[in-house]
Amino acid sequence: MSSGAELSDLVGAEDAANTEERGTSLWRDAWHRLAKNRMAVLSAALLVVLTLAAFVGPLFLTHSYETQNLHLGAVPPDAQHWLGTDTLGRDLFTRVLYGGRVSLSVGLCATAVALTIGVLYGTISGFIGGKVDVVMMRVVDIIFALPFTVFVILLMVFFGRKFLLLFVAIGAVQWLTMARIVRSQVMSLRRMEFIEAAQALGLSRLRIIFRHMIPNALGPIIVYATLTVPSVMLLEAFLSFLGLGVQPPMSSWGVLIKEGADSMEEFPWLLIFPGLALALSLFSLNFLGDGLRDAFDPRAAKD
Amino acid sequence: MLRFIAGRLLQMIPVLLVIATLTFFMIRLAPGGPFDTERTASPEIRKSAEAYYGLNKPLGAQYLDYLRNLLHGDLGPSWKYPSRTVNELIAESFPISAELAFWSLLIALTFGLSAGIVAALRPNTWTDYVPSSLAMVGISVPTFVLGPLLVLVFALKLGYARVSGWNDWTDRVLPALTLGALYAAYVARLTRGGMLEVLSQDFIRTARAKGASDFVIVTKHALRGGLLPVVSYLGPAVAGLVTGSFVVETIFQIPGLGRYFVNAAFNRDYTMVLGAVLFYAALIVLFNLLVDIVLVWMNPRQKFE
């Protein structure tokens, strides 16, 4: 048993250490917990490999993604064409890598759009509170209840299949949950003493929001952003499957899956490999997101 | 409770109005029109067609006309199937989509609930890891990959089912599995989470101490509380089933509302698109209301507000 004086010393020292590196400590804890989660680490590694392959890989490839070789036609995987070729004789491996570029960029860019709208909306709603908050959240509830994929389809049909529009349309329907999460974070932060102190010091609202609120809500934001990327990629592939995504000769995994499904009876590899690429990325992103959630969850702080 | 339901039904009116307005103007302000593709039509025919559908009036007047008809529940004539009304087309195709959704949901609940309960009973053992990993796979394999794969294996290679169509019960199996798999995975994860939370509570420990078996604990004590997250998920799930039906009905050539909607969007069949969007929105809002009622009934701690 330690004496009272020692105990209070210890607690005091710990307190001092905590206040000194309070910001890094949460992150370091989360990092440690994440590193212990083998599936999450494996998923992260897989994602790095996939991203590098998609963005850097094509530089080292000998086949072009659009050169057709009708003479060759569709051949199964061999040493020359690792994943075979499609019905127009194009190398499938190259096309899967290029398709990955599009799918991953759409995933990241649309998530960025959703993130920006969601964080701003949620912060404003939570920070101002009162009637503004009630109205803003009611709007979110209503939009949430809508078949918003239907609206993305309509946007893509009626305003042309432009690449930029794809980001915006998908981003515009994916921000709702983000707004809710950020709002609840901001609401709980608003009553904390350091925010009060910031207000007493006369900091402007904007400065409080950007310097104090958002950085402190970053954990849940990162978690949810990681989980948004796969749902965005899924939505892009879904649109491409219906013929509303990117247009040829460009391709995304959704387009490749669509082409593969059309000719799967004779050439099943055209469906299987792009499908595998998409499923693997979604799988890793979901696992990583789950791992991050466990890592940032304060209830998991005990172990 | 009646007040709650009436209030929610009243809220539906502005929601549907906003959707009707948004969709109406979005479609109209977009370039292109429904009669663009019929190049053979002479200008006179085109003009008379436009007059018949009221397209020669100013946009504002058309909008008001549409709303007036909407009040009578009339969604107008279809522009691509000239002799048919949108009401008829929906009445004809929706039951097919609803049946598909019903079987999918049944599959999702059967597999999802049992997998989730098994996983939650012995967390962090292999009876947890196997269903949990399967659920993750289910979430990560998109409908439009699973559907063609199932067709490839069970219809083309093994010959157990037909590739497409909607005639007898064998035609229901593959589409329902395709659409249901994703929801089975979600339901399994939610059930596991909900059950884990309930199973860690004191009243379960008391029941265990009294010697209740796993079966009794799950069915008599834990299920009611553990299923709450699953029930609240059913609202968004219906919205997802609607979207999923677009893909599944396209893959399997099922003449349901989803396929009609996608075709209508491509063909710029304005009234059909508007009608379908409004119908979907009303369906989703109603189903969310139903889910909220069930939630209160299942959880006495929650009140109607």
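What you see is a predicted model; the values in this text were computed from it and never measured.

Caption draft 1: Just the interface of chain A and chain B, in detail. With 37 residues of chain A at the contact, the number on the chain B side is 41 residues. Across the interface of chain A and chain B, roughly 3,500 Å² is buried in total on both sides, 82% from carbon and sulfur atoms. Viewed at the interface, chain B and chain A are joined by 1 salt bridge. Residues A:D290 and B:R189 are paired through a salt bridge, measuring 3.0 Å at the closest nitrogen-oxygen approach. On the surface where chain A and chain B come into contact, there are 2 residue pairs in polar contact (both at pLDDT 80 or more). Secondary-structure elements contributing two or more residues to the side of chain A that touches chain B are α5 (130-144), α6 (148-158), α11 (218-241), α12 (253-262) and α13 (269-296) of chain A. Looking at the side of chain A that touches chain B element by element, the count peaks at 11 residues for α13(A). Its residues assigned to classes, the side of chain A that touches chain B comprises 29 nonpolar, 3 polar and 5 charged.

Caption draft 2: Layout of the packing of helix α11 (residues 257-267) of chain B against helix α12 (residues 270-298) of chain B. All names here are of chain B. Across the interface, α11 lies against α12 with an axial gap of 9 Å and an inter-helix angle of 140 degrees. By the angle between their axes, α11 is oblique relative to α12. Where α11 crosses over α12, the two elements pack in a sense that is left-handed. Residue-level contacts link L257, G258, Y260, F261, A264 and A265 of α11 to M272, V273, A276, V277, F279 and Y280 of α12. Class assignment of the residues belonging to the contact of α11 with α12 gives a composition of 11 nonpolar, 1 polar and no charged.

Caption draft 3: Summary view of the packing of helix α7 (residues 163-174) of chain A against α11(A). All names here are of chain A. Following both chains from N to C, one finds α7 and α11 inclined at 130 degrees, their axes separated by 11 Å at the closest point. Our classification of the angle between α7 and α11 gives oblique. α7 and α11 meet at a crossing whose hand is right-handed. Seen from α7, the contacting residues are L166, I170, V173 and Q174; seen from α11, they are T228, S231, V232, L235, E236 and L239.

Caption draft 4: Geometry of unusual backbone geometry. Residues and elements named next belong to chain B. Positive phi, normally seen in glycine, also occurs at Q253, with a value near 55 degrees. Structurally, Q253 is set in the loop between α10 (228-251) and α11. Residue Q253 is classed as partly exposed on the basis of its relative accessible area of 42%.

Caption draft 5: Here's a closer look at the packing of aromatic side chains. Residue and element names in this part refer to chain B. This structure, assessed with the given rule, holds 14 aromatic pairs over all chains. On the numbers, 6.1 Å between centres and 80 degrees between planes, the contact of F261 with Y280 is edge-to-face. Of this pair, F261 sits in helix α11 while Y280 sits in helix α12, and the two are 19 residues apart along the sequence. Like Y280, F261 is buried. Put simply, the rings of F24, F25, Y63 and Y66 pair up and form one aromatic cluster.

Caption draft 6: Looking closely at empty space enclosed by the protein. Residues and elements named next belong to chain B. A complete count under the given rule lists 2 cavities of 30 Å³ or more for this structure. The volume enclosed by the largest cavity comes to roughly 40 Å³. What lines the largest cavity is A161, R162, V163, S164, G165, T170, D171, L174, P175 and F252. Grouping the amino acids of the lining of the largest cavity by side-chain chemistry returns 5 nonpolar, 3 polar and 2 charged. As for the second largest cavity, its lining consists of K80, Y81, Y260, N263, A264, N267, D269 and M272. A per-element tally of the lining of the second largest cavity places α11 first, with 4 residues. For the lining of the second largest cavity, a count of residues per class yields 4 nonpolar, 2 polar and 2 charged.

Caption draft 7: Here's a closer look at the nonpolar core. Counting residues in hydrophobic clusters, the biggest one holds 121 residues, and the most contacted among them are A:I153, A:L154, A:F238, A:L239, B:F144, B:F246 and B:F261. Tallying contributions element by element places α12(B) first for this core, with 12 residues. When residues no more than four places from it in sequence are discounted, the contact partners of A:F238 are A:T149, A:I153, B:F144, B:T243, B:F246 and B:V247. By size, the runner-up hydrophobic cluster in this structure holds 16 residues, among which are A:F127, A:V182, A:L189 and A:I214.

Caption draft 8: Quick peek at the pattern of salt bridges. Residue and element names in this part refer to chain B. Tallied over the full model, the rule gives 13 salt bridges over all chains. The shortest N-O distance in the salt bridge between D65 and R68 comes to 3.2 Å. Of the two residues, D65 and R68 are both situated in helix α3 (residues 59-71); the distance of 3 residues between them amounts to about one turn of the helix. Relative accessible area serves as the criterion here: at 23%, D65 is assigned to the partly exposed category. On the basis of relative accessible area, R68 is assigned to the partly exposed category, the value being 47%.

Caption draft 9: Examining the side chain of A:D133 more closely. Residues and elements named next belong to chain A. The residue D133 is located in helix α5 in this model. The exposure class assigned to D133 is buried, which follows from its relative accessible area of 7%. Dropping the residues within four chain positions of it, D133 is found in contact with S125, G126, R183 and M187.

Caption draft 10: Focus on helix α9 (residues 214-226) of chain B. All names here are of chain B. Under the 1.5 Å per step criterion, the end-to-end length of α9 is only 14 Å for 13 residues, more than 12% shorter than the ideal 18 Å. Three or more residues of α9 are buried, namely I217, V218, A222 and G226. Buried-residue contacts for α9 involve α4 (86-121), α7 (170-199), α8 (202-209) and α10.

What counts and what doesn't
Residues numbered from 1 in each chain as written. Chains lettered and ligands numbered in written order. Predicted model: local features only at pLDDT ≥ 70, side-chain atom pairs only at ≥ 80, totals over all residues. Heavy atoms only, no water. Contact = heavy atoms within 4.5 Å. Buried area = accessible area lost by both parts, 1.4 Å probe. Salt bridge = Lys/Arg side-chain N within 4 Å of Asp/Glu carboxyl O. Polar contact = N/O pair within 3.5 Å; in protein donor to acceptor, adjacent residues only side chain to side chain. Helix = DSSP H or I, 4+ residues; strand = E, 2+ residues; numbered from the N terminus. Nonpolar A, V, L, I, M, F, W, Y, C, P; charged D, E, K, R; others polar. Axes fitted to C-alpha atoms, helices over the stretch in contact; angles between N-to-C directions. Parallel < 35°, antiparallel > 145°, perpendicular 65-115°, else oblique. Left-handed = near helix turned anticlockwise from the far one by under 90°. Buried < 20%, exposed > 50% of the residue type's maximum accessible area, 1.4 Å probe, protein only. Phe/Tyr/Trp six-rings, centres within 6.5 Å; stacked < 30°, edge-to-face > 60°. 1 Å grid on protein atoms, 1.4 Å probe; cavity = no way out; pocket = protein on both sides within 12 Å on 5 of 7 lines; lining within 4 Å. Points joined across faces, edges and corners; volume = space filled by probe spheres on them. Core = buried A, V, L, I, M, F, W, Y, C linked by side-chain atoms within 4.5 Å. Expected span 1.5 Å × (residues − 1).

So yeah, pure geometry; function would need other evidence.
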